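# Structural characterization, general
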Amino acid sequence: MRGGEGNGVTRFTKVRIHMEQQETHKRRPHYSGKYPRKFEEKYKEHDPEKYADEIAHVIAKGNTPAGMHIPIMVDEILDVLNIQPGERGFDATLGYGGHTLKMLAALQGRGHLYGGDVDPIESEKTIERIRAKGYGDDLWSFRRMNFCQIDELAAEVGPLDFVLADLGVSSMQIDDPARGFSYKTDGPLDLRLNPEAGESAADSLAAMTQDEIEGMLMENADEPYAAAIAKQIVRDERRAAITTTRALHETIERALKTVHFPKGTTPEEKREAVKKSSARTFQALRIDVNHEYEVLYEFMGKLPDALNPGGRAAILTFHSGEDRIVKKAFQAFYRSGVYSDIAKDVIRPSKEECYRNPRAHSTKLRWAIKA
């Protein structure tokens, strides 16, 4: 009898201990259905590096794992920058930190690399990721700054030996519906790289005239249906403010229904045209909201004075407007003798890289060396 009671107490004690352990263990929030639908519930997207096997599988299929960013043209950038141990450099657009980690490895524990970014959300995650790799303040420092403030950094720490500016929007920003960078998932029409400053894309769009919208679409994205889209935006705004990504996409869809496509255009081709116009419209709005051209002009003007003699700069661009600004600035400073050499031809990613990372397709790399 006593032995039976003893076993009963033992079983009860084990159950109680197990329950206490369950209370202290933080479980993931449950979601309805087999797979999480909301971005907040997608735990793998918020910490993708914990799932190495799945990341490798996704990349092998030619896709970018949601929640992370694959650095583009790493080998070409390292070749251009020719980083030497003991040098001082600047990753002007930190993002996910992929390029930074490769540049830190090239320093071999000597010198210093600075990272800058205006995004308060993603930069905090990247800081943790880089610190977890063992890089402390002695080798790497972060600055919450716009890359056009490169003159202020150089005044503080001294001239730089190498600078990288990756002008693309990071995959993490695109994948998060709350940021409003993509029409593919519904969310607030925001599009700010720093959501703590400036006005959202929705507010900016509401304040524009039809002519201003059309001009923005043409200048920032070479949108062929700019007139029809601008007209439809103004018409829809009169009924109700366009405040979500889905609403803007639907407006563009309605606009292209008024366009006379060439005879024989298939329904699939029309749907594809809507997708491309949506992507270009979101690009144009993002450039406008974040003053990207103005910032890039300022950066290109300040870059030479921030470099040491012999200092190298590499810039990744993702559309023709950015590339024109970079190309013309490099050429002008080269002609005046400020740069001793510049890229004569644009460098593009390999076919193999474009397959592994489709987001690399439109990338162009240009470089310059300070005289």
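This text goes with the structure placed above it.
Residues numbered from 1 in each chain as written. Predicted model: local features only at pLDDT ≥ 70, side-chain atom pairs only at ≥ 80, totals over all residues. Heavy atoms only, no water.

Of the voids in this model, the second largest pocket is the one considered here, and its volume is about 720 Å³. In this structure, the second largest pocket is lined by 40 residues; those nearest its centre are Thr 93, Asp 117, Val 118, Phe 147 and Leu 193. Elements with a minimum of two residues in the lining of the second largest pocket: α5 (98–107), β2 (112–117), α13 (267–289) and α14 (292–306). With four residues, α14 is the single largest residue contributor to the lining of the second largest pocket. When grouped by side-chain class, the residues that make up the lining of the second largest pocket number 15 nonpolar, 15 polar and 10 charged. (1 Å grid on protein atoms, 1.4 Å probe; cavity = no way out; pocket = protein on both sides within 12 Å on 5 of 7 lines; lining within 4 Å. Points joined across faces, edges and corners; volume = space filled by probe spheres on them. Helix = DSSP H or I, 4+ residues; strand = E, 2+ residues; numbered from the N terminus. Nonpolar A, V, L, I, M, F, W, Y, C, P; charged D, E, K, R; others polar.)

A separate point is the pairing of strand β1 (residues 88–91). Relative to β2, β1 is paired through four bridges, and the arrangement is parallel. In the sheet register, Arg 88 faces β2, and the bridge partner there is His 112. In terms of strand pairing, β1 meets strand β4 (residues 160–166) through three bridges, oriented parallel. Residue pairing across strands places Asp 91 opposite Leu 164, the latter belonging to β4. (Pairing = 2+ DSSP bridges.)

Right, let's get into the sheet that holds strand β5 (residues 307–317). Strand order across the open sheet formed by seven strands is β3-β2-β1-β4-β5-β7-β6, with mixed pairing between neighbours. Because the sheet does not close on itself, it has two edges, and the strands there are β3 (140–144) and β6 (339–342). Averaged over neighbouring strand pairs, the angle between their axes works out to 15 degrees when direction is ignored. (Axes fitted to C-alpha atoms, helices over the stretch in contact; angles between N-to-C directions.)

A separate point is the packing of aromatic side chains. Per the stated rule, a full pass over the model turns up six aromatic pairs. Look at Trp 140 and Phe 142: their rings are 6.5 Å apart centre to centre, the planes differ by 35 degrees, and that puts the pair in the tilted class. Phe 142 gets classed as buried once you look at its relative accessible area, which sits at 18%. Geometrically, the ring pair formed by Phe 147 and Phe 299 is edge-to-face, given 4.8 Å between the ring centres and 65 degrees between the ring planes. Of this pair, Phe 147 sits in the loop between β3 and α7 (150–157) while Phe 299 sits in helix α14, and the two are 152 residues apart along the sequence. With respect to class, Phe 147 is no different from Phe 299; both count as buried. Three or more aromatic residues joined by ring pairs form one cluster here, namely Phe 330, Phe 333 and Tyr 339. Above the plane of the ring of Tyr 96 lies Arg 129, whose end atom (NZ or CZ) is 3.7 Å from the centre. (Phe/Tyr/Trp six-rings, centres within 6.5 Å; stacked < 30°, edge-to-face > 60°. Buried < 20%, exposed > 50% of the residue type's maximum accessible area, 1.4 Å probe, protein only. Lys NZ or Arg CZ within 6 Å of the ring centre and 35° of its normal.)

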